[in-house]
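Chain and residue survey
Take a look at the letters that make up each chain.
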Amino acid sequence: MGSGQAGDKMSHVIVAGGGAAGMMAAYAAAECGHRVVLLEQNEKLGKKLFITGKGRCNVTNACEREKLFENMVSNPKFLFSAFSDFDNGQMMELLQEAGCPLKVERGERVFPVSDHSSDVIAALTRLLRQRGVDVRLRTRVREVLVERGEQESNRTAVSQADGKAKVKGVLLADGQRLPAEAVVLATGGLSYPTTGATGDGYQMAGELGHTIKACSPALTPMET
């Protein structure tokens, strides 16, 4: 999720959330030449990534793009534009170039050779460091600050049709304000609150005028 536009010139970009999506968003923005600050409320990056795949981290699937889309549960067209810019093959190349060798197992599932998700996190962290991303841990974003006309808005819904609304930065939980021309919300969903996925991003997006659908669980255990 994102709010605001960086434009063609160098901008100050804030990414809220240091999971897989946040790290990749920060890396991509920095690669485009923007000044990037990555804010993560936990004590380390990739906390949920660390436990994925039983700690092995199933990075992606090595199948062809068409086959991948055929197996999407719903709305594969949603991913067309994203995959045209950066697909699963490029993700594998990026991690391996960053020092995380990969292997392909049954079902074309891709894992780090070491079978340690920490190596994937370390590779992404190296990429952020190489691109000069300012990573700030134990830093929680409370809300996205926007300006409507001449007045800054705090916790005020902004109409999506209001072309005058402009992102100004973020307000942190400690009351500090960080300015930015663009803010990326990558705070995760509601799947694993102990990792920081507490749904804060939904609330902030709603305050900006986005429509939020009710969440429902997926891949849940069955108890007998």
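Look above for the structure.
Quick look at the structure, then. The model shown is predicted, which means the values in this text are computed figures rather than measured ones.

**What to know about the overall build of the protein chain**
The number of helices and strands found in the protein chain is six helices and 12 strands. Evaluated residue by residue, the protein chain yields a buried proportion of 38% over its 224 residues. When the accessible surface of the protein chain is split by element, carbon and sulfur atoms take 51% of a total near 13300 Å².

**As for unusual backbone geometry**
Unusually for a residue other than glycine, lysine 54 sits at a positive phi of about 55°. You can see lysine 54 is positioned in the loop between β3 (35-39) and β4 (60-61). Take lysine 54: its relative accessible area is 85%, and that puts it in the exposed class. Unlike most non-glycine residues, arginine 138 shows phi in positive territory, near 50°. Residue placement: arginine 138 occurs in the loop between β7 (134-136) and β8 (141-148).

**Digging into the sheet that holds strand β6 (residues 109-112)**
Spatial ordering of the open sheet is given by β4-β6-β5, a layout of three strands whose pairing is antiparallel. Each having just a single partner strand, β4 and β5 (102-105) make up the two edges of the open sheet. This element, helix α4 (residues 88-97), spans β4, β5 and β6 of the sheet and lies at about 140° to β5.

**Overview of the pattern of salt bridges**
Summed over the entire model, instances satisfying the criterion amount to 12 salt bridges. With a shortest N-O distance of 4.0 Å, glutamate 147 and lysine 168 are connected by a salt bridge. Pair noted here: glutamate 147 is in strand β8 and lysine 168 is in strand β10 (residues 165-172), with a separation of 21 residues, a long-range link. Through salt bridges with shared partners, a single network forms among Arg56, Lys103, Glu105, Arg109 and Asp115.

**Overview of the nonpolar core**
Core analysis: the largest hydrophobic core is formed by 30 residues, its most contacted members being Val36, Leu38, Leu95, Leu124 and Leu128. The set of elements that each furnish at least two residues to this core consists of β2 (12-16), α1 (20-31), β3, α4 and α5 (117-130). In terms of nonpolar packing, the next biggest core, distinct from the first, is built from 17 residues, Val141, Val167, Val170 and Ala205 among them.

**Section: the packing of α1 against α5**
It is at 9 Å that the axes of α1 and α5 come closest, and there the two elements cross at 30°. Compared by their axis directions, α1 and α5 come out roughly parallel. For the element pair α1 and α5, the recorded crossing hand is left-handed. Where α1 abuts α5, its residues Met23, Met24, Ala26 and Tyr27 lie against Leu124, Leu127 and Leu128. Residues of the contact of α1 with α5, tallied by class, amount to seven nonpolar, no polar and no charged.

Thresholds, definitions, all that
- Residues numbered from 1 in each chain as written.
- Predicted model: local features only at pLDDT ≥ 70, side-chain atom pairs only at ≥ 80, totals over all residues.
- Heavy atoms only, no water.
- Helix = DSSP H or I, 4+ residues; strand = E, 2+ residues; numbered from the N terminus.
- Buried < 20%, exposed > 50% of the residue type's maximum accessible area, 1.4 Å probe, protein only.
- Areas by Shrake-Rupley, 256 points an atom, 1.4 Å probe, with all protein chains shown as cover.
- Pairing = 2+ DSSP bridges.
- Contact = heavy atoms within 4.5 Å.
- Axes fitted to C-alpha atoms, helices over the stretch in contact; angles between N-to-C directions.
- Salt bridge = Lys/Arg side-chain N within 4 Å of Asp/Glu carboxyl O.
- Core = buried A, V, L, I, M, F, W, Y, C linked by side-chain atoms within 4.5 Å.
- Parallel < 35°, antiparallel > 145°, perpendicular 65-115°, else oblique.
- Left-handed = near helix turned anticlockwise from the far one by under 90°.
- Nonpolar A, V, L, I, M, F, W, Y, C, P; charged D, E, K, R; others polar.

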